[in-house]
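Chain by chain, the residues run as shown.
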Amino acid sequence: MPECLSCAAGSYQTDRGSTGGNACILGSFCPERSAAPTPCKEGTFGNVTSNRAQADCHACPPGHACFVGSSAPTPCMPGNFMPNASAATCVACAPGKYQPSRGATACLPCEPGKFCEAGAYQPALCPAGTYGNATDLTAAKECRNCTAGFACASGSTEPKPCSPGSYSPNARMAECKPCEAGKYQDEPQETNCTLCGPGKYCPTGSSSELPCEGGTYSNQSGIGAQEQCNECMAGFSCNPGS
């Protein structure tokens, strides 16, 4: 009786009584006389069916990972990276960095006004009332508090001074408040507004006092409109600002 033939390298056969071998499967290699495919080692991949040895499996390229038996490299997901070849797994971006793309070989530094936790695929904004003027912030608690007289919208890189006609009485304010009717503020970066004086009126958001019109007067402080100035009495004259 003729002897059975050995499966050639690059093929295998698991069944008894077979008349031929099977082509080695993707992600594997088959030495001569293989009864089953041998998976390519982690960090490598096999994208053809004729691999005969581990040396025929390809090294996983940077920016990718290859688990045992890989038939193709798997790109690193956003928030991860791999700078080296022959990697089995990707690495999460360190705190203070991020990566929005697949297949990356490095992570990007977090941007001012934002922070990046470990494995971030996009930066998170510093909360309203805070700001970040540095890169590589790793958590919201590293964003700095906005001081009184300033305002910080979400994602601010520096405090914004309150403009004349507005104020910020407390720290961690997201926006400045307009001066209330009857008050004004003619300086920037202030924490309060000044009461409008007699003979003047101050609408909401005033940066200066406005005089009561000629023919009217006001002996009260803190009025907010011309309509609150009084008509001058008969027998009297009232210059503007009376």
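Nothing here was measured: the structure is a model prediction, and the numbers come from that model.

Our focus in this paragraph is the overall build of the chain. Within the chain, the regular secondary structure consists of zero helices and 26 strands. Computed over C-alpha atoms, the radius of gyration of the chain comes to 38 Å, more than 25% over the 18 Å expected from 2.2 N^0.38 for 242 residues, which places it beyond the range of a compact globule. Counting every position in the chain, which comprises 242 residues, the buried fraction comes to 34%. By sequence separation, contacts in the chain at least 24 residues apart represent 34% of the contacts at least 6 residues apart.

Let us look at unusual backbone geometry. Note: most peptide bonds trans; most residues except glycine with negative phi. Despite not being glycine, D136 has its phi angle at roughly 70°, a positive value. Among the residues examined, D136 registers a relative accessible area of 36% and is labelled partly exposed. For Q189, which is not glycine, the phi torsion reads 60° and is therefore positive. Take Q189: it is sitting in the loop between β21 (183–184) and β22 (194–195).

What follows covers the pattern of salt bridges. Enumeration over the complete set of coordinates arrives at one salt bridge. Between E111 and K114 there is a salt bridge; the shortest N-O distance is 2.8 Å. On the basis of relative accessible area, E111 is assigned to the partly exposed category, the value being 28%. Look at K114 and you get partly exposed, because its relative accessible area is 22%.

This next bit is on the side chain of N51. Here N51 shows up in the loop between β5 (44–45) and β6 (58–59). Exposure remark for N51: the relative accessible area of 4% places this residue in the buried category. Reaching out from N51, the side chain makes a polar contact with the backbone oxygen of S28 at a distance of 3.4 Å. With residues near it in sequence (within four places) discarded, N51 still touches G10, C24, S28, F29, C30, C40, G46, D56 and C57.

Taken as a whole, this structure holds 12 disulfides when the rule is applied. Between the sulfur atoms of C179 and its disulfide mate C193 the distance is 2.0 Å. Since a negative S-S torsion denotes a left-handed disulfide, the C179-C193 link at about -80° is left-handed. Taken as a pair, C179 in the loop between β20 (177–178) and β21 and C193 in the loop between β21 and β22 lie far apart in primary sequence, 14 residues in all. Judged on exposure class, the residue C179 and its partner C193 are both buried. One disulfide bridge connects C196 with C202, the sulfur atoms lying 2.1 Å from each other. Judged by the sign of its S-S torsion, about 70°, the bond between C196 and C202 is right-handed. In this structure, C196 and C202 share a single accessibility class: buried.

Below, the discussion takes up the side chain of S156. Mapped onto the elements, S156 comes out in the loop between β17 (150–151) and β18 (160–161). For S156, a relative accessible area of 12% corresponds to the buried category. In this structure the side chain of S156 is engaged in a polar contact, spanning 2.6 Å, whose partner is the backbone oxygen of A153. Excluding residues that lie within four positions of it along the chain, S156 makes contacts with G113, T130, Y131 and G132.

Note on placement: Y121 falls in the loop between β13 (114–115) and β14 (124–125). When residues no more than four places from it in sequence are discounted, the contact partners of Y121 are P78, G79, Y98, Q99 and P100.

Definitions and cut-offs
For every chain, the first residue of the written sequence is number 1, and numbering continues from 1 onward in sequence order. Side-chain atom pairs in this predicted model are given and counted only at pLDDT of 80 or more, local residue features only at pLDDT of at least 70, and totals for whole chains, interfaces and linings cover all residues. The basis for every side-chain value is the complete set of non-hydrogen atoms in the structure, without hydrogens or water. Going along the chain from the N terminus, every DSSP run of H or I of four or more residues is numbered as a helix, and every run of E of two or more is numbered as a strand. C-alpha atoms define the radius of gyration in this analysis, and the globule rule sets the expected value at 2.2 Å times the number of residues to the power 0.38. To sort residues, take the accessible area from a 1.4 Å probe on protein chains only and compare it with the maximum for the residue type: under 20% means buried, over 50% means exposed, and anything in between is partly exposed. In what follows, a contact means two residues having at least one pair of non-hydrogen atoms within 4.5 Å. What makes a salt bridge here is a side-chain nitrogen of Lys or Arg within 4 Å of a carboxyl oxygen of Asp or Glu, nothing more. For the purposes of these results, a polar contact is taken to be a pair of N or O atoms within 3.5 Å, where, inside protein, one atom must be able to donate a hydrogen and its partner to accept one; residues adjacent in sequence count only when each atom of the pair is a side-chain atom. Note on terminology: disulfide denotes any pair of cysteine sulfur atoms within 2.5 Å.

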